[in-house]
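This is what each chain is made of:
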Amino acid sequence: MPNWCEQIAHFSHPDKEVIDKIKEAIKNESLMEYTIPSPKDWESLDLHKENISDADKLQSELEARAKRNLERFGFKSIIDWQYSVRGTKWDIIEGNIIYKQKRNNKYYLKASFQTAWGAPFETFIALQEKHPELHVKVYYHEPLMAFCGKYENKKVSHYQIEKETIADIPLEIKKAFSFDNEFFDQLFWDPEEKKEQQ
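These numbers come from a predicted model, not from an experiment.

Visitor: Explain the overall build of the protein here, please?
Guide: For the protein, the count of helices and strands is eight helices and six strands. Along the chain direction, N to C, the helices and strands of the protein fall in the order β-α-α-α-α-β-β-α-β-β-β-α-α-α. When each of the 198 residues of the protein is scored for burial, the buried share is 36%. The contacts of the protein with a sequence gap of at least 6 include a subset with a gap of at least 24, amounting to 62%. Carbon and sulfur atoms form 48% of the exposed surface of the protein, whose accessible area is close to 12000 Å².

Take a look at the structure:
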């Protein structure tokens, strides 16, 4: 199981149709597939449909398909392709629309979702290349590896969450995830330190 990276994303564009497509992709948990479609002719092996019981034959078939994929797409496995091209191994999960609205001749969308291991910067860049007038700002937080940051229009600000670096994390990121003094006190709670203070 991967660690899941929480994200709060803001999109804006003058065309309602663009925002509606992104909204649907997030609701359907297919933002990456919408942005960078999977190769249609990828050769995978479905063990449920292809009954190959001989281990040597199975290994040989896997190697042959991996070689053909490498020649055609530059990667042996679809996971390698997804990591390199989309920025993470799977599409988004837990897609949630917070709001969609129109202001000053622009359409705005705020949503939350999660991705495996980290934020998929490659997908956000590709989404902006697909829709050049699209503004994208994404706050991200991965609690188990203790990092957070912000992606905005092809620029990334990344921060490790450590006791010594709390002050370096910008207020807008802290607000996005409700990081307050109580959150950091619990995160860095040290029972030995507590004993010394008593």
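Visitor: What is the right way to look at the nonpolar core in this model?
Guide: Nonpolar side chains tend toward joint burial in soluble globular proteins. In terms of nonpolar packing, the biggest core is built from 25 residues, with F11, I22, I26, L31, F113, L127 and L134 touching the most fellow members. Put simply, the parts of the chain that give this core at least two residues each are β1 (4–13), α1 (16–27), α2 (31–35), β3 (106–116), α5 (121–130), β4 (135–142) and β5 (147–152). It is α1 that contributes the most residues to this core, five residues altogether. Sequence-distant contacts of I22, that is, excluding residues within four places in its chain, are made with F11, L31, Y34, L109, L127 and L134.

Visitor: Just to check I follow, could you spell out the pattern of salt bridges for this structure?
Guide: Enumeration over the complete set of coordinates arrives at eleven salt bridges. Residue K27 is joined to E24 by a salt bridge in which the shortest nitrogen-to-oxygen separation is 3.7 Å. Taken together, the residues span about one helical turn, with K27 and E24 both in helix α1 at a distance of three residues. The class of K27 is partly exposed, set by a relative accessible area of 46%. R72 is the salt-bridge partner of D41, the closest N and O atoms lying 3.3 Å from each other. Taken together, the residues D41 in the loop between α2 and α3 (55–73) and R72 in helix α3 connect sequence positions 31 residues apart.

Visitor: How do you make sense of the environment of L31 when you look at a structure like this?
Guide: Here L31 shows up in helix α2. Considering only alpha carbons, one finds L31 and G95, 64 residues apart in sequence, at a separation of 9.2 Å. If we ignore the near neighbours within four places in the chain, the residues touching L31 are I22, A25, I26, D91, I92, F113 and L127.

Visitor: Could you clarify how one ought to interpret the pairing of strand β2 (residues 93–103) in this entry?
Guide: Here is the key point about a regular strand: its side chains alternate between the two faces of the sheet. Relative to β3, β2 is paired through eight bridges, and the arrangement is antiparallel. Counted as the bridge partner of K102 is Y107 from β3. Taking the residues that link successive antiparallel strands as the turn, the β2-β3 hairpin has two residues, and the phi of N104 there is positive, at about 50°.

Rules behind the numbers
Residues numbered from 1 in each chain as written. Predicted model: local features only at pLDDT ≥ 70, side-chain atom pairs only at ≥ 80, totals over all residues. Heavy atoms only, no water. Helix = DSSP H or I, 4+ residues; strand = E, 2+ residues; numbered from the N terminus. Buried < 20%, exposed > 50% of the residue type's maximum accessible area, 1.4 Å probe, protein only. Contact = heavy atoms within 4.5 Å. Areas by Shrake-Rupley, 256 points an atom, 1.4 Å probe, with all protein chains shown as cover. Core = buried A, V, L, I, M, F, W, Y, C linked by side-chain atoms within 4.5 Å. Salt bridge = Lys/Arg side-chain N within 4 Å of Asp/Glu carboxyl O. Pairing = 2+ DSSP bridges.

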